[in-house]
Amino acid sequence: LKSNNNENKEIKNIIAVASCKGGVGKSTIALNVACELAKKYKVGLLDLDIYGPSLPTMIGNLSQPQFKDNKLIPIEKYGIKFMSFGFINNENSPTIWRGPMVARMTKQFFDNVSWGELDYLIIDLPPGTGDAQLTLAQSSKLSGSIIISTPQDIALIDARKGINMFHKVGVPVLGIVENMSYFICETCNTRHEIFSNGGAKKEASKFNTPFLGEIPLDKNLRIHSDEGQPVCITEPDSSISKIYLSIAENINTNSK
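Just so it is clear, the model here is predicted, and its values are computed rather than measured. Numbers given to residues run from 1 along each chain, matching the order in which its sequence is written. Side-chain atom pairs in this predicted model are given and counted only at pLDDT of 80 or more, local residue features only at pLDDT of at least 70, and totals for whole chains, interfaces and linings cover all residues. Side-chain metrics in this entry use all non-hydrogen atoms of the structure; hydrogen atoms and water are not considered.

Colleague: What's the story with helix H6 (residues 199-206) in this structure? I'm lost.
Modeller: At 3.6 residues per turn, the α-helix brings residues three or four places apart onto the same side. A 1.4 Å probe rolled over the protein chains alone gives each residue an accessible area, and that area as a share of the maximum for its type sets the label: buried under 20%, exposed over 50%, partly exposed in between. Helix and strand assignments come from DSSP, with helices taken as H or I runs of at least 4 residues and strands as E runs of at least 2, each series counted from the N terminus. Along H6, the residues that are buried comprise Gly199, Ala200, Glu203 and Ala204. Down the axis, H6 shows its buried residues gathered within 140° of arc, on one side only. For H6, the exposed residues set more than 90 degrees away from the buried face come down to Lys202 and Ser205. Whether two residues are in contact is decided by their heavy atoms: any pair within 4.5 Å suffices. Looking at the buried residues of H6, the elements they touch are helix H5 (153-168), strand S9 (173-178) and strand S12 (211-214). The arc in question is the one traced by the directions running from the helix axis out to the C-beta atoms.

Here it is in structure tokens:
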């Protein structure tokens, strides 16, 4: 898959990480998958969650980007080029915008950022099937999408909506990831499936879509995200990092 966007010929693959439900860990997955891809490829990450941007916290950067030739210069860290509305807006200021403003900002953050040459631009989309998603999809800027869900039925209902949305606008779904799939107790070393298990894998089979992997509930993942240090950078040999590596490799295979 290659991007069809003529304005960004230097970006080879543009992949959206999406879910129709908030709180499923989409942003954490987008960041750590980008970190794994960046170990071999040129990668950018665009946080398009206008209402609740979390990227500045997760990478420990609150500085504002610079302008050059009327374009924003991405924040560079961990070998990745980053852009987020959170770099510009005060973290305590609410964003109260109607749909057209979100669509316009989405387009500006995509077109008016000096991304340069990239193998992958990962786009962290906000929850839902609204203006940000449609602005990108209808502009033929997406090479493909990744759907994130937790295992329980109430989350899978929304995941189906996301899959169907991308199908309707002609964007390939490269795969589904099940987050919070299980928990390994530190005391008894027993696997507990707190939110059930395997639901996302079943949905992938129903839609004839690749299943990219299961990510457990992991305390260190939460700690490193809160501290602005992605676990794939701070603990590259950990079991959780190896899962992200496997997902990144599957994405790379499916996007070719």
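Colleague: Mind showing me how you'd approach empty space enclosed by the protein here?
Modeller: Empty pockets left among the atoms are what a rolling probe the size of a water molecule brings to light. Using a grid of 1 Å spacing that covers the protein atoms alone, one calls a set of points a cavity when a 1.4 Å probe fits there but cannot get out, and a pocket when the set is open and has protein on both sides within 12 Å along at least five of seven lines; lining residues are those with an atom within 4 Å of a point. Grid points are joined across faces, edges and corners, and a volume is the space filled by probe spheres set on the points. Applying the stated criterion across every chain, the model contains 1 cavity of 30 Å³ or more. Of the pockets and cavities examined, the largest cavity occupies roughly 40 Å³. As for the largest cavity, its lining consists of Val17, Ile29, Ala30, Val33, Ile122, Ile146, Ile247 and Ile251. Elements with a contribution of two residues or more to the lining of the largest cavity: helix H1 (26-37) and helix H9 (239-254). In terms of residue count, H1 provides more of the lining of the largest cavity than any other element does, 3 residues in total.

Colleague: Before we go on, may I ask you to explain the sheet that holds S9 in this structure?
Modeller: The strands making up a sheet associate through hydrogen bonds between their backbones, and the pairing can be parallel or antiparallel. Sheet architecture is open: 8 strands sit in the order S5-S6-S2-S7-S1-S8-S9-S12, paired in mixed fashion. Two strands lie at the open edges of the sheet, namely strand S5 (75-77) and S12, each paired on one side alone. Taken over all neighbouring pairs, the strand axes of this sheet differ in orientation by 20° on average, direction set aside. For two strands to be treated as a pair, DSSP must find no fewer than two bridges joining them. As paired elements, strand S1 (residues 11-18) and strand S7 (residues 118-124) share 6 bridges and run parallel to each other. Bridged to valine 17 within S7 is aspartate 124. Axis definition: a line fitted to C-alpha atoms, limited for helices to the stretch in contact. Angles are taken between N-to-C directions and run from 0 to 180 degrees. Sheet strands touched by H5: S1, strand S8 (144-149) and S9. Its angle to S8, the strand with the most contacts, is close to 170°. Against the sheet, H9 contacts S1, S7, S8, S9 and S12, and its axis sits at roughly 175° relative to S12.

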